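Structural overview
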Amino acid sequence: MICGGKKLSHWDNKDGYHIYACGDCGHGSVYPRPSVEELTEFYESHQEDVNLKEVSHNQAHDLAFSEVKGKLEPLGITGGNMLDVAAGYGWLSERFHNVGYNVTPLEIAPVFADHMRKTLSVDVIQSSFEDWKPSNDHYGRYDLIIMWQIMEHVLYPDEWFTKAYQLLADGGALVVTTPNFDSVLISLLKSKEGHICPPEHLNFFSVDSIRALSNRTGFKQSHVSCPVEGTDFFQEKLTRRLNSKPLARLTSRVIQSGLRAASLLNKGRYIQGIFIKKESA
Ligand SMILES: [Zn+2]
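Computed from a predicted structure; not experimentally measured.

1. Topic: the overall build of the protein chain
The secondary structure content of the protein chain amounts to nine helices and ten strands. Relative to a compact globule of 281 residues, whose C-alpha radius of gyration would be 19 Å, the protein chain shows 19 Å and is just as compact. For the protein chain, the residues scored as buried account for 34% of the 281 residues in total.

Have a look at this one:
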């Protein structure tokens, strides 16, 4: 178990899998664990269909990027070598690249890897994170490692955190975002909530469980929160849908205060963790 706790209880079933929750840290795990072979087969037969021409200008991505960048700066992370783990088509790589980071995307899908080689002119590590064998000069090299919405897919989260720790420079940061098992929606809908989808998602983190994992794998500081999703973005979307600016503003405000409350209680939809390798000064 993620926290070393021993109080597991059955939480729900989904598509032939059992989901258990830890009574100590609230972490959710899928059983039986699929094998590496089963997962590889699964991902090869479920290729995502993305129109690469349309993805570069995405306002939600702009907001997510500036939010993370804004949180990293006070922690002393302002540039240097960045490893984007499971980079996809590279929306984060592109944005960090544009503000001067030396970006290395790691991505297994050839179509995405090729896309990033072309658009960013950077070397891409074409591999899964598990299978990638870093050379000696990779260890201690990275100022920033990002794992965006991927930890929930991973068979052995401990190994990912440990490997990230070894790859980070002394003051470097690991940024992880993942669905929140403690979210209001998951509490209400249980396994009917869309993020509960084995065997794609195998791990469901809570604020406590991701903190426990970072402590156990050596990280000295953890900054974990459930960020509120962007206000302006919501309002603009609603204005289009409701066809009225004042009504959209009001509705948006109501939704936002709900989201803010959920966020403060660590019950927002997503968890964002920033884990630093060394003690704070
Ligand atoms: Zn636990």
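2. A word on the sheet that holds strand β1 (residues 8–14)
Within the open sheet, the four strands sit side by side as β1-β2-β3-β8. Their pairing is antiparallel. The sheet is open, and its two borders are formed by β1 and β8 (203–204), each paired with just one other strand.

3. Digging into the domain arrangement of the protein chain
Annotation of the protein chain at the domain level lists domain 1 (8–226 + 266–276) and domain 2 (229–265). Facing eight residues of domain 1, the contacting portion of domain 2 comprises six residues. Element by element, the count of residues in the side of domain 1 that touches domain 2 is highest for helix α2 (residues 59–72), at three residues. Per-class residue counts for the side of domain 1 that touches domain 2 are four nonpolar, three polar and one charged.

4. Looking at the pairing of strand β4 (residues 81–85)
For β4, the tally of buried residues reaches four of five residues, placing the bulk of the element in the interior. Where β4 lies against strand β6 (residues 142–148), four bridges are found, and the strand directions are parallel. Residue pairing across strands places Asp 84 opposite Ile 146, the latter belonging to β6.

5. Topic: the packing of helix α3 (residues 91–98) against helix α4 (residues 110–120)
Closest axis-to-axis distance for the α3/α4 pair is 11 Å, and the angle between their directions is 20 degrees. Classed by the angle they form, the pair α3 and α4 counts as roughly parallel. Where α3 crosses over α4, the handedness of that crossing is right-handed. The residues of α4 that touch α3, namely those facing Ser 93, Glu 94 and His 97, are Met 116, Thr 119 and Leu 120. Across the contact of α3 with α4, the residue classes break down as two nonpolar, three polar and one charged.

Scoring rules and cut-offs
- Throughout, a residue's number is its position along its own chain's written sequence, starting from 1.
- Where local features are concerned, this predicted model is filtered to residues with pLDDT of at least 70; where side-chain atom pairs are given and counted, the filter is 80 or more; whole-chain, interface and lining totals use all residues.
- Strands are runs of DSSP state E lasting at least two residues, helices are runs of H or I lasting at least four, and both sets are numbered from the N terminus onward.
- For this measure, only C-alpha atoms enter the radius of gyration; the expected value for a globule follows 2.2 Å times N^0.38, where N is the number of residues.
- Labels follow a simple rule on C-beta atoms placed from the backbone: if 20 or more others lie within 10 Å of a residue's own, it is buried; if 12 or fewer, it is exposed; otherwise it is partly exposed.
- For two strands to be treated as a pair, DSSP must find no fewer than two bridges joining them.
- Bear in mind that the domain bounds are from an automatic or database domain assignment.
- What counts as a contact here is a pair of residues whose C-beta atoms, placed from the backbone, lie within 7 Å.
- Each residue is assigned to one class: nonpolar for Ala, Val, Leu, Ile, Met, Phe, Trp, Tyr, Cys and Pro, charged for Asp, Glu, Lys and Arg, and polar for all the others, Gly among them.
- As a rule, the C-alpha atoms of each element are fitted with a line to give its axis, helices using only the stretch in contact, and angles between N-to-C directions run from 0 to 180 degrees.
- Angular relationships are summarised with four words: roughly parallel below 35 degrees, roughly antiparallel beyond 145, roughly perpendicular across 65 to 115, and oblique for the angles in between.
- Left-handed is the label given to a crossing in which the near helix is rotated counterclockwise from the far helix by less than a right angle, and right-handed is the label when the rotation is clockwise.

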